[in-house]
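What the coordinates show
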Amino acid sequence: MMSNLAIISTSILLLCSSCAHSFSTPLHIKRYNAIFSKQKPRSRLFATIERDGLFWPSLSKNSNASIKDVSEDLLGEDFSHDSNDYEEMDEQEYLMTMTLDSVLKIYATHSEPDFLIPWQKRHQTTSTSSGFVIDVPGIGLRVMTNAHSVEYGSVVQVQKRGEDEKHAAVVEAVGNECDLALLRVDSLFPPPIEENTPMEGVMNKTSSQTKKGDYESLTYALPLGPLPALQDEVEVLGYPMGGDSLCVTKGVVSRIEMQEYAQAGARLLAIQIDAAINPGNSGGPVVNEDMEVIGVAFQGIDEESIENVGYVVPVSVIRHFLEDVRRHNGKYTGFCHLGVDICFLENVAFRNYLRLGVADEDSPESVNGTPKRKKRATGVMVRRVQPTSGSFGILRNMDVIMAVDGVPVGNDGKIPFRRGERVDLSCYVSSLFDGDEARVTIWREGNVMDVQIPLLPVKHLVPSHFNNKPPPYLICSGFVFTALSVPYLNAKGAWDDFYTDNVSYLLGLVNSPLEKYGDEVVVLAQVLAHKANLGYENYVDLHLIKFNDVEVRCLRHLHELIGESTGPFMTFEFAPKEGGRLIVLDRALNDQATKDVCTEHSITTSFVSYDSE
């Protein structure tokens, strides 16, 4: 959700690893990677999200099978190979080598669109970041990295440690909300050539000609571990700036709580560590002492007064991303929300006003002369239900959410997480999947009741990204209309110290609820001069609300209305509804004027739409 998108008091600088990217908020965070390595033998080599069976939170430990036992099961009884390098390694050194070899350097060439001139691309930029090999159940071996590392990537390549060859990669799945992406590298992980060939093993031949004893052609998929505890030691692996070879840094877990992810403005669980995270670390694994991945480094804080603060996508979010992709045949759908705006109930008068406090009102006033003990009731009050959420029509304004699936909600909106730790209610809801149902206990007009709410990812009226697709636009007689988005507002400097009144108005629409799927805020971005639009050339950053007295829902709707118009004039009404600007054009001149403008500015098409699905 983007509830905190436009209201942030802290001035922090958001930076991307080695290249400029679009950010969704004024919270300036640098998205860096990190990895740590500790030489301690692993107990199991399988990389599977099903191992501990928990998404909330993961606390289980691995089995005690030895690395040699598992390797013999996978490769056959001949564990001794011809490679002298691997023969001379002990179990601990072998595990360390295979782990480091699974961390790849990622090269990306970015061709980002110009959100102010949507038919054009910006000057290409290049970046380097980090990634690692992971085994996705039901899909196979893939490279995991950050979404911002391959954002609008026209060319993406990966390079293994100690090699000079780069391998072409295809971006298969992108989760902007959690800042994660999966890459397919066919030259490193070809599809199995034999029927029933297992893809969930930790080692996979890179070609059909690979011999059994050729260890240098085998790839080790890093396993996922449990969610770490505070003060657990971790290691960050990656390729940060300052050198070309793999870098390993160490630190401890400082904090685990909800944080805003810079890539799309979503609030999800994040791990804070004190290890050095620098540009280029983005997408690199963060591992525990057993060489298990407990997170992916993705952002940090760049402020002079703050040192040694880096953020990691936790393993619980990684598991959710992978399971989401598996369930939807390689497609990422997003994280679920209840779709409500809430008020905290920390004030006693507020709770008394809602009559919140006594759960058993019908019980006798006393038992054997002892006064009835009141039960402490807590929760948060619903102020608005988003029309496109699963809660719409079930929850109401003034309802108090007391518990979700039996998990009690505090007056501050937090729920128990682990001993001594509390997190936002949305942390639990986001661990569920599209199509799941949540049992919500509410207080309504003095009564406690349970309701079942279907969960689904909530769409926003003002999107934080276009899923690496070009931004939509429509040109009509030189008027350039586009859909309002966070990248557009960033390009306009909406979170800078100075911006225009029109931009300030558009910024206030960021948290507006989506009334119907497909709705957009249509904005007049600029006017390309033509004799048909003389007198309107200074109109910019205006919210279009009506065309020929018909309310405009989105760019596609506007395109249809223009095509269906038959009168002599075309009228465009802009916000506010009363007193807003009005534009009148000659309909007979529209087709030729639009063609002239597109020809002059080398625009190949006058209309490009965006389909969020």
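The shown structure was predicted, so the numbers you read here are calculated from the model rather than taken from an experiment. (Residues numbered from 1 in each chain as written. Predicted model: local features only at pLDDT ≥ 70, side-chain atom pairs only at ≥ 80, totals over all residues. Heavy atoms only, no water.)

A separate point is the overall build of the protein chain. Of the regular secondary structure elements, the protein chain holds 10 helices and 38 strands. Long-range contacts, defined here as pairs at least 24 residues apart, represent 66% of the contacts in the protein chain between residues at least 6 apart. For the protein chain, the accessible surface area stands at approximately 27400 Å², while carbon and sulfur atoms represent 47% of it. (Helix = DSSP H or I, 4+ residues; strand = E, 2+ residues; numbered from the N terminus. Contact = heavy atoms within 4.5 Å. Areas by Shrake-Rupley, 256 points an atom, 1.4 Å probe, with all protein chains shown as cover.)

Pairing in this open sheet of 7 strands is antiparallel, and the strands run β8-β7-β4-β5-β6-β10-β9 from one edge to the other. Either end of the sheet is taken by a strand with one partner, and the two such strands are β8 (166-168) and β9 (170-175). Pairwise comparison of adjacent strand axes, ignoring direction, gives a mean angle of 35 degrees for this sheet. The sheet strands contacting helix α4 (residues 315-327) are β5 (125-136), β6 (140-145), β9 and β10 (180-184), and the helix crosses β10 at an angle near 50 degrees. (Pairing = 2+ DSSP bridges. Axes fitted to C-alpha atoms, helices over the stretch in contact; angles between N-to-C directions.)

Before going further, it helps to spend a moment on helix α10 (residues 590-600). Every buried residue of α10 is listed here: N590, A593, T594, V597 and C598. Taken end-on, α10 shows its buried residues confined to a sector of 130 degrees, consistent with a single buried face. More than 90 degrees from the buried face of α10, the exposed residues found are D591, K595, T599 and E600. Against the buried residues of α10 lie β31 (473-476), α9 (555-564), β36 (569-574) and β37 (582-586). Once α10 ends, the next one or two residues include S602, with phi positive near 55 degrees. (Buried < 20%, exposed > 50% of the residue type's maximum accessible area, 1.4 Å probe, protein only. Arc of directions from axis to C-beta.)

What follows is about the pairing of strand β7 (residues 153-159). Sheet topology places strand β4 (residues 103-110) next to β7; 6 bridges connect them, and they run antiparallel. Bridge pairing in β7 links H110 to G153. Across 3 bridges, β7 lies against β8 in antiparallel orientation. From the neighbouring strand, Q159 faces β8, where its bridge partner is K166. The turn linking β7 back onto β8 is made up of 6 residues, and G162 within it adopts a positive phi angle of 80 degrees.

Here we take up the packing of aromatic side chains. By the definition in use, this model includes 12 aromatic pairs. Aromatic pair F466 and Y610: ring centres 5.0 Å apart, planes at 75 degrees, arrangement edge-to-face. Of this pair, F466 sits in the loop between β30 (456-457) and β31 while Y610 sits in the segment after β38 (607-608); the two residues are 144 residues apart in sequence, bridging distant segments of the chain. Pair check on accessibility: F466 and Y610 agree, each one buried. Put simply, the rings of F479, F481, Y536, Y539, F547 and F572 touch in pairs and so form one group of aromatic residues. Across from the ring centre of Y107, 3.8 Å away, lies the NZ or CZ of K166, which sits over that ring. (Phe/Tyr/Trp six-rings, centres within 6.5 Å; stacked < 30°, edge-to-face > 60°. Lys NZ or Arg CZ within 6 Å of the ring centre and 35° of its normal.)

With that settled, consider the pattern of salt bridges. One pass over the full model with this rule turns up 18 salt bridges. A salt bridge links R161 to D101; its shortest N-O distance comes to 2.9 Å. Residue R161 is found in the loop between β7 and β8, and its partner D101 is found in helix α3 (residues 91-101); the two are separated by 60 residues along the sequence. A salt bridge links R326 to E323; the nearest nitrogen and oxygen atoms lie 2.6 Å apart. Taken together, the residues R326 and E323, both in helix α4 and 3 residues apart, mark about one turn of the helix. Each of R142, E172, R184 and D186 takes part in salt bridges that share partners, so that together they form one network. (Salt bridge = Lys/Arg side-chain N within 4 Å of Asp/Glu carboxyl O.)

This part takes up the nonpolar core. Core analysis: the biggest nonpolar cluster contains 80 residues, and M144, F321 and I401 have the highest contact counts within it. For F321, the contacting residues outside a window of four places in its chain are M144, A173, V174, G175, C178, L180, A181, L182 and Y332. Ranked by size, the runner-up nonpolar core spans 24 residues in total, among them C476, V522, L542 and I583. (Core = buried A, V, L, I, M, F, W, Y, C linked by side-chain atoms within 4.5 Å.)

Another aspect to go through is α4. In this model, α4 (13 residues) spans 18 Å end to end at C-alpha, consistent with the 18 Å of a helix rising 1.5 Å per residue. Of all 13 residues in α4, 11 are buried, a share of seventy percent or more. Among all positions of α4, only V315, S316, V317, I318, R319, H320, F321, L322, E323, D324 and V325 are buried. After α4 finishes, the residue N329 shows a positive phi value of roughly 55 degrees. (Expected span 1.5 Å × (residues − 1).)

Two faces make up the sheet, and in a regular strand the side chains alternate between them. With 5 of 6 residues buried, strand β33 (residues 522-527) lies mostly within the body of the structure. Across 5 bridges, the pairing between strand β32 (residues 479-483) and β33 is antiparallel. Residue pairing in the sheet places T482 in a bridge with V523 of β33. Sheet analysis places β33 next to strand β34 (residues 542-547), joined by 2 bridges and oriented antiparallel. Of the residues in β34, the one forming a bridge with L524 is L542.

Close inspection of predicted coordinates is inappropriate in any region flagged by low pLDDT. Per-residue pLDDT for the protein chain averages 82, and the proportion of residues at 70 or more is 77%. Under a pLDDT of 50 for its full length, residues 1-54 has, in the predicted model, 267 contacts with residues more than four places off or in other chains. In the model, residues 58-83 has pLDDT below 50 throughout and makes 48 contacts with residues more than four positions away in sequence or in other chains. (pLDDT = per-residue confidence, 0-100.)

Moving on: the side chain of R142. Counting through the fold element by element, R142 comes out in strand β6. Looking at R142, the relative accessible area reads 9%, which means it is buried. A distance of 2.6 Å separates the side chain of R142 from the side chain of E172, its partner in a polar contact. Here R142 is in contact with F132, V133, I134, V136, E172, L182, L183, R184 and F189, once residues within four sequence places are set aside. (Polar contact = N/O pair within 3.5 Å; in protein donor to acceptor, adjacent residues only side chain to side chain.)

So, on to the environment of G393. Following the sequence through the fold, G393 ends up in the loop between β23 (380-385) and β24 (400-404). Looking at G393, the relative accessible area reads 71%, which means it is exposed. Sequence separation between G393 and I453 is 60 residues; the distance between their C-alpha atoms is 9.9 Å.

Attention now goes to unusual backbone geometry. One can expect most non-glycine residues to show negative phi and most peptide bonds to be in trans. Omega for the peptide link from A575 to P576 comes to 0 degrees, which places this bond in the cis form. Along the chain, P576 turns up in the loop between β36 and β37. Of note in the backbone geometry, Y152 takes a positive phi value of approximately 50 degrees without being a glycine. Mapping Y152 onto the fold places it in the loop between β6 and β7. Owing to a relative accessible area of 8%, Y152 belongs among the buried residues under this scheme.

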